[in-house]
Amino acid sequence: KNYPFLKRDSTAPKLLWVRSFSEIYNPKMALDVLALLKNKGLDASLCMVGPEKDGSLQACKQLARNKNLPVRFTGMLSKEAWISLSTTYDIFINTTNFDNTPVSVIEAMALGLPVVSTNVGGIPFLLEHDKNALLVPPNNSELFAQAIVELVANAEKACFIAKNARDTVELFDWQKVKHSWNTLLKQ
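Rules of the game
Residues numbered from 1 in each chain as written. Predicted model: local features only at pLDDT ≥ 70, side-chain atom pairs only at ≥ 80, totals over all residues. Heavy atoms only, no water. Salt bridge = Lys/Arg side-chain N within 4 Å of Asp/Glu carboxyl O. Helix = DSSP H or I, 4+ residues; strand = E, 2+ residues; numbered from the N terminus. Pairing = 2+ DSSP bridges. Axes fitted to C-alpha atoms, helices over the stretch in contact; angles between N-to-C directions. Contact = heavy atoms within 4.5 Å. Phe/Tyr/Trp six-rings, centres within 6.5 Å; stacked < 30°, edge-to-face > 60°. Lys NZ or Arg CZ within 6 Å of the ring centre and 35° of its normal.

Undergrad: Outline the pattern of salt bridges, supporting the account with residue identities and numerical values.
TA: Enumeration according to the criterion identifies 11 salt bridges in this entry. Across the pair Glu 142 and Lys 40 runs a salt bridge, and its minimum N-O distance is 3.0 Å. Note that Glu 142 is positioned in helix 6 (residues 141-153) and Lys 40 in the loop between helix 1 (27-39) and strand 2 (45-49), a separation of 102 residues in sequence. Across the pair Glu 107 and Lys 79 runs a salt bridge, and its minimum N-O distance is 2.6 Å. Placement of the pair is Glu 107 in helix 4 (residues 103-111) and Lys 79 in helix 3 (residues 79-86), with a sequence separation of 28 residues. In this structure, a network of salt bridges that share partners links the residues Asp 130, Glu 150 and Lys 157.

Now the structure itself:
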């Protein structure tokens, strides 16, 4: 209920990335993907939200300047601020090399953003390729960009994925989960 679902009738390559700027989350890949999309002639842009952890934010800012990429760096935002910001973007990207069950991906799913993610760690237990997200191998910017192009070219598929993603995360609502916990704890 805290994450209003926004149905998008069309999908533009307006990308949102929300993580800590840390090498394990591979933020540079997001910039590489953006550069590939621009080279394919798409009017793509990227917003990167998150705090600095290991120097990756500054490295990404420098890379964006060097490649003249349309990237907005917001730094860390409150939950409410990034949820509000999400309404101006069409695709959520998760470029990580290591992860379990990223909350930012779950939140993006709830908000109606179709997700493109690397297929690492616990992510395949959360996301199913072609059902509630598009999954690509880690460190493969070309396949990642192709997945975004696929969503942009097929608004119906993007809507299908976004709706399925919302249905998936609705199962994580406390009003549903608490019954499972109660059953488990009584065993």
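From this point on, the discussion continues.
Undergrad: Lay out the sheet that holds strand 5 (residues 115-118) with the relevant residues and their values.
TA: Judged by pairing direction, the sheet is parallel, and its 6 strands sit side by side in the order 3-2-1-4-5-6 without closing on themselves. Looking at the sheet topology across the chains shown, the edges are occupied by strand 3 (71-75) and strand 6 (134-136). Strand-to-strand, the axes of this sheet are offset by a mean angle of 20 degrees, without reference to chain direction. Summarising the sheet, strand 2 and strand 3 pair through 4 bridges and their orientation is parallel. Within strand 3, the residue paired with Met 48 across the bridge is Phe 73. In the packing of helix 1 onto the sheet, contacts are made with strand 1 (14-18), strand 2, strand 3, strand 4 (91-94) and strand 5, and the angle to strand 2 comes to roughly 170 degrees.

Undergrad: Please provide a residue-by-residue account of unusual backbone geometry, values included.
TA: Positioned with a positive phi, Asp 130 is a non-glycine residue whose angle comes to about 70 degrees. Along the polypeptide, Asp 130 turns up in the loop between helix 5 (123-126) and strand 6. Backbone geometry at Asn 139 places phi at a positive 60 degrees, although glycine is not the residue there. Topologically, Asn 139 is positioned in the loop between strand 6 and helix 6.

Undergrad: Describe the environment of Ile 161, listing the residues and the values that go with them.
TA: For Ile 161, the position within the fold is in helix 7 (residues 155-170). A sequence separation of 59 residues divides Ile 161 from Pro 102, and the C-alpha atoms of the two residues are 18 Å apart. Setting aside residues no more than four positions away along its own chain, Ile 161 makes contact with Pro 114, Lys 131, Asn 132, Ala 133, Leu 134 and Leu 151.

Undergrad: Which residues make up the packing of aromatic side chains, and what values do they have?
TA: To describe a pair of aromatic rings, you give the distance between the ring centres and the angle between the ring planes. In this structure the tally under the stated criterion is 3 aromatic pairs. Taken together through their ring pairs, the aromatic side chains of Trp 17, Phe 21 and Phe 73 make up a single cluster. Here Arg 19 stacks its cationic end above the ring of Tyr 25, 3.9 Å away from the centre of that ring.

Everything listed is a geometric property; what it means functionally is a separate question.
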